[in-house]
Amino acid sequence: MTKSAQHILEEVFGYRCFRHHQKDIIQTLIQGRDVMTLMPTGGGKSLCYQIPALVREGTGIVVSPLIALMKDQVDALRQLGIRAAFLNSTLSFEEVRATEQALREGGLDILYVAPERLLTEHMLALLEASRIALFAIDEAHCVSQWGHDFRREYQQLSILHQRFPGVPRIALTATADQRTRAEIIAQLGLEQAAVFINSFDRPNIRYALSEGQNAREQLWRFLEREHPRDAGIVYCLSRKKVESIAAWLNDRGRVALPYHAGLADEVRHRHQERFLREEGVIVVATIAFGMGIDKPDVRFVAHLNLPKSIEAYYQETGRAGRDGLPANAWMAYGLQDVITLRQMMQEGDGDERYKRVAHQKLEAMLGLCELTTCRRRALLEYFGEACEAPCGNCDNCLSPPQTWDGSEAARKALSCVYRTGQRFGVNYVIDVLCGKDDARIHHNGHHRLSTYGIGGELNNTEWRSLFRQLIARRYLEVDLEGHGTLRLTDLCRPLLRGEAGIELRRLRKAERTSKKNKAAGGHLRPQDASLFEALRRLRLTLAEAQGVPPYVIFHDSTLMEMARIRPRSLDEMRAISGIGEHKLKRYGQVFLETIASHTTREPVDTGAEATPEEA
Ligand code: ADP
Ligand code: ZN
């Protein structure tokens with residue numbers, strides 16, 4: 001053991017302190033013991049095996065199913081001066097041979113391998129003939145048959161334990177659920193492993209889930225207000241909607257690229273590459289997009305539909321803000337989403353047990369939407385984590401929703417559903433309530449009902465909000481045939497008899513949604529913005545010349561710190577987080593020059609007259 005973990009953290013990675021359990025995990029592995037760890041996305045899993053791989057003698061072998069990511073991961077390590085390589089099906093015969101030889105000769109610190117290749121006898125024999133520092137099994141939840149990322153090869157990885165009993169292994173995942181955790185331990189033979197479980201909280205992500213109509217315009221206001229130039233992901237349910245939202249954003253002047261399973265592989269690949277390699281690109285996607293997106297500076301994830309479960313929601317929103325800077329998880333949902341979900345629940349096929357689980361998951365998701373208290377607390381509790389205080393960084397904490405006594409209005413709505421024969425959908429019932437002069441209503445004789453035109457106290461939007469809440473809270477049921485016909489449930493009785501009342505959530509006014517999350521700004525002061533932009537341009541030029549994504553060179557947070565501190569020498573630059581020795585040598589000088597030329601033109605601002613960004 002030549003160098004300590006702390007020394008490598010500082011010199012190679014340019015970071016000062018370990019985060020969360022990193023230090024203990026690293027020590028455990030260095031001592032030769034197995035580890036199993038759960039950390040949320042962006043928690044810093046990679047350092048947990050990269051540092052021990054550098055400390056221990058031999059090569060660290062990383063098993064990962066994400067072949068598309070390997071090249072970027074290896075590029076990022078090489079930028080740090082680490083001898084890294086990968087083996088997967090995208091390499092030519094010659095490249096494979098050269099890498100294998102480097103492994104045998106001890107010329108590699110870290111090697112990424114696809115699981116199917118690792119399991120070949122050829123590879124196992126090669127590993128036996130080489131010196132191995134450790135095995136890291138990334139995305140370890142792929143062993144689980146229950147998960148949607150299941151990989152058969154992962155179930156055979158216990159062979160590593162049998163063939164290399166002396167080599168420590170670490171299994172890593174960001175999947176929270178208990179059953180998966182137990183499966184990983186059992187399948188990989190990790191009964192003796194030290195287990196490190198982290199909080200699942202992502203404190204830099206701000207959650208906001210808003211109801212109401214015209215989600216598209218709401219999305220646009222959100223983008224204009226908070227992310228006029230940032231990269232992000234917009235999730236939609238259907239391919240058609242993906243295409244139309246992407247086109248619409250492009251018309252409005254944003255670079256927005258569609259991504260869904262109906263596009264040719266090569267188009268998908270190109271769009272993903274542009275997302276990674278350019279700045280400020282928005283990907284509009286179905287859930288097909290995401291697994292293996294390692295971009296650290298995704299500043300927002302927006303949902304234009306309701307995800308099917310809290311797990312899915314958390315995984316999708318988790319792609320925002322991996323770099324730890326502020327990011328937004330934003331969602332707009334409407335009445336139709338609630339109806340569609342309810343229909344899916346009633347229809348769904350599959351066996352009873354599967355159906356029951358799916359129902360509970362959808363229910364929990366709807367519950368999160370309708371919640372009037374801290375969203376983060378509810379999310380963490382769902383994953384079995386206690387959370388004492390409200391977070392102060394979700395929509396409900398920042399602007400607590402108001403409620404109103406909706407008992408009278410709800411009674412009107414329910415009796416109108418009843419009197420029209422429980423044969424119509426929301427739109428029709430609202431038209432009757434509002435006394436609309438409509439041929440269909442006249443034809444059905446519903447203009448003579450006592451509930452015709454009694455709903456003047458609310459407008460159409462407010463009625464929709466009321467119906468949405470009645471459906472979400474199960475006062476109303478949506479029918480099976482798909483026409484959205486409403487029916488009363490037993491819950492209605494006490495309400496209709498006047499024995500019970502109902503508190504409803506008031507619609508949020510769009511302008512009042514929430515204080516701006518200074519996501520784009522992060523720790524950037526206004527007076528440093530133009531230097532930051534100049535540094536970003538320099539980074540992009542350097543990245544393009546090497547064909548790597550910009551964040552592989554420096555993260556935004558590193559550039560922000562540079563713009564604020566404005567180092568004048570390599571020594572001053574060394575103190576900035578994210579600049580290790582290798583990068584300092586390679587890039588320090590050019591960045592110093594940009595800073596110097598910028599600073600002479602624009603005298604350094606002390607920040608004394610900095611104006612508050614947001615009144
Ligand atoms: P995960 O794989 O858990 O999603 P990563 O390993 O990609 O997370 O780490 C997320 C980001 O945090 C990376 O940019 C990484 O460089 C950074 N990071 C990790 N550990 C530290 C640390 N101790 N100090 C500062 N930054 C860190
Ligand atoms: Zn909160």
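Residues numbered from 1 in each chain as written. Chains lettered and ligands numbered in written order. Predicted model: local features only at pLDDT ≥ 70, side-chain atom pairs only at ≥ 80, totals over all residues. Heavy atoms only, no water.

(A) Examining the packing of helix H18 (residues 407–419) against helix H21 (residues 460–472) more closely. At a minimum axis separation of 11 Å, H18 and H21 run at an interaxial angle of 80°. Comparing their axes, H21 and H18 come out roughly perpendicular. Of H21, the residues touching H18 (which contributes Ala409, Ala410, Lys412, Ala413, Leu414 and Val417) are Trp463, Leu466, Phe467 and Leu470. In the contact of H18 with H21, the residues fall into nine nonpolar, no polar and one charged. (Axes fitted to C-alpha atoms, helices over the stretch in contact; angles between N-to-C directions. Helix = DSSP H or I, 4+ residues; strand = E, 2+ residues; numbered from the N terminus. Parallel < 35°, antiparallel > 145°, perpendicular 65-115°, else oblique. Contact = heavy atoms within 4.5 Å. Nonpolar A, V, L, I, M, F, W, Y, C, P; charged D, E, K, R; others polar.)

(B) View of the side chain of Arg206. Structurally, Arg206 can be placed in strand E8 (residues 205–211). Buried Arg206, no salt bridge; nearest opposite-charge side chain is Glu226, N-O distance 5.0 Å. (Buried < 20%, exposed > 50% of the residue type's maximum accessible area, 1.4 Å probe, protein only. Lys, Arg positive; Asp, Glu negative; His and termini not counted. Salt bridge = Lys/Arg side-chain N within 4 Å of Asp/Glu carboxyl O.)

(C) View of the coordination of the zinc ion (ligand 2). In this structure, Cys374 (SG), Cys391 (SG), Cys394 (SG) and Cys397 (SG) serve as the protein donors to the zinc ion (ligand 2), at separations of 2.4 Å. One way to put it: the four donor atoms around the zinc ion (ligand 2) meet at angles of 101 to 119°, and that makes the site tetrahedral. In terms of primary sequence, the donors binding the zinc ion (ligand 2) are separated according to C-x16-C-x2-C-x2-C. (Donors = N, O, S within 2.8 Å, 3.2 Å for Na, K, Ca; no water. Tetrahedral: all angles 85-135°; square planar, octahedral: opposite > 155°, others 65-115°.)

(D) Main features of the sheet that holds strand E11 (residues 282–285). Strand order in this open sheet of six strands is E8-E13-E12-E9-E11-E10, and the pairing throughout is parallel. The sheet is open, and its two edges are formed by E8 and strand E10 (256–259), each paired on a single side. Ignoring which end each strand starts from, the neighbouring axes of this sheet average 15° apart. By the bridge criterion, four bridges tie strand E9 (residues 232–235) to E11 in an arrangement that is parallel. Pairing of Ile233 across the sheet is with Val283, part of E11. (Pairing = 2+ DSSP bridges.)

(E) Summary view of the environment of Val301. For Val301, the location among the structural elements is in strand E12 (residues 300–303). Each C-alpha atom, one on Val301 and one on Phe275, is 14 Å from the other, the two residues being 26 residues apart in sequence. Residues contacting Val301, with those up to four places away along its chain left out, are Ile233, Tyr235, Glu316, Thr317, Arg319, Ala320, Asn328, Ala329 and Trp330.

(F) How the structure looks around the site of ligand 1. Taken together, 15 residues form the shell around ligand 1, and within it Tyr15, Cys17, Gly42, Ser46 and His555 come nearest. A distance of 2.5 Å is found between an oxygen atom of ligand 1 and a backbone nitrogen or oxygen belonging to Gly42. One of the side-chain nitrogen or oxygen atoms of Ser46 is found 2.4 Å away from an oxygen atom of ligand 1. About the coverage of ligand 1: the protein hides 84% of its 560 Å² of free accessible area. The element that contributes the greatest number of residues to the shell around ligand 1 is helix H3 (residues 45–55), accounting for three residues. Here the residues of the shell around ligand 1 sort into five nonpolar, seven polar and three charged. (Near = heavy atom within 4 Å. Polar contact = N/O pair within 3.5 Å; in protein donor to acceptor, adjacent residues only side chain to side chain. Areas by Shrake-Rupley, 256 points an atom, 1.4 Å probe, with all protein chains shown as cover.)

(G) Representation of the packing of helix H2 (residues 22–30) against H3 in the model. Contact geometry of H2 with H3 gives a least axis separation of 9 Å together with a crossing angle of 40°. By the criterion of interaxial angle, the relationship of H2 to H3 is oblique. Crossing handedness for the pair H2 and H3: right-handed. Here Gln22, Ile25, Ile26, Leu29 and Ile30 of H2 come into contact with H3, specifically with Leu47, Cys48, Ile51, Pro52 and Val55. Its residues assigned to classes, the contact of H2 with H3 comprises nine nonpolar, one polar and no charged. (Left-handed = near helix turned anticlockwise from the far one by under 90°.)

(H) Focus on the domain arrangement of the protein chain. Its domain assignment divides the protein chain into domain 1 (3–197), domain 2 (205–398), domain 3 (403–505) and domain 4 (526–598). Taking only C-alpha atoms, the centre of domain 1 and the centre of domain 3 are 57 Å apart. (Domains from an automatic or database assignment.)

(I) Up close: the packing of aromatic side chains. Within the structure shown, the criterion is met by 14 aromatic pairs. Their ring planes at 85° and their centres at 6.0 Å tell us that Phe222 and Phe300 sit as a pair that is edge-to-face. On the criterion of sequence distance, the pair formed by Phe222 in helix H10 (residues 215–226) and Phe300 in strand E12 is long-range, its members being 78 residues apart. Judged by its relative accessible area of 2%, Phe222 falls in the buried class. Pairwise contacts between aromatic rings join Phe200, Tyr207, Tyr313, Tyr314, Tyr382 and Phe383 into one cluster. (Phe/Tyr/Trp six-rings, centres within 6.5 Å; stacked < 30°, edge-to-face > 60°.)

(J) Region of the structure containing unusual backbone geometry. The backbone of Glu139 sits at a positive phi, close to 50°, despite the residue not being glycine. With respect to the helices and strands, Glu139 occurs in the loop between strand E5 (132–137) and helix H8 (159–163). Positioned with a positive phi, Arg566 is a non-glycine residue whose angle comes to about 50°. Taking relative accessible area as the criterion, Arg566 reaches 7% and is therefore assigned buried.

(K) Local environment of the pairing of E12. Alternating residues of E12 divide into Phe300 and Ala302 and Val301 and His303, and every residue in both groups is buried. Two elements, E12 and strand E13 (residues 327–333), share four bridges in a ladder whose sense is parallel. Bridge pairing in E13 links Ala302 to Trp330. Considered for its hand, the β-α-β crossover made up of E12, helix H13 (residues 310–317) and E13 is right-handed. (Right-handed = clockwise from strand over helix to strand, strands pointing away.)

(L) Molecular detail of the nonpolar core. The biggest cluster of nonpolar side chains holds 167 residues, and the ones touching the most others in it are Ile51, Phe275, Phe467, Met562 and Phe591. Among residues more than four places away in sequence, those in contact with Met562 are Leu535, Phe554, Pro567, Met573, Ile576, Ile579, Phe591 and Ile595. Residues Cys236, Val242, Ala246 and Ala332 belong to the second largest nonpolar core, which totals 19 residues. (Core = buried A, V, L, I, M, F, W, Y, C linked by side-chain atoms within 4.5 Å.)

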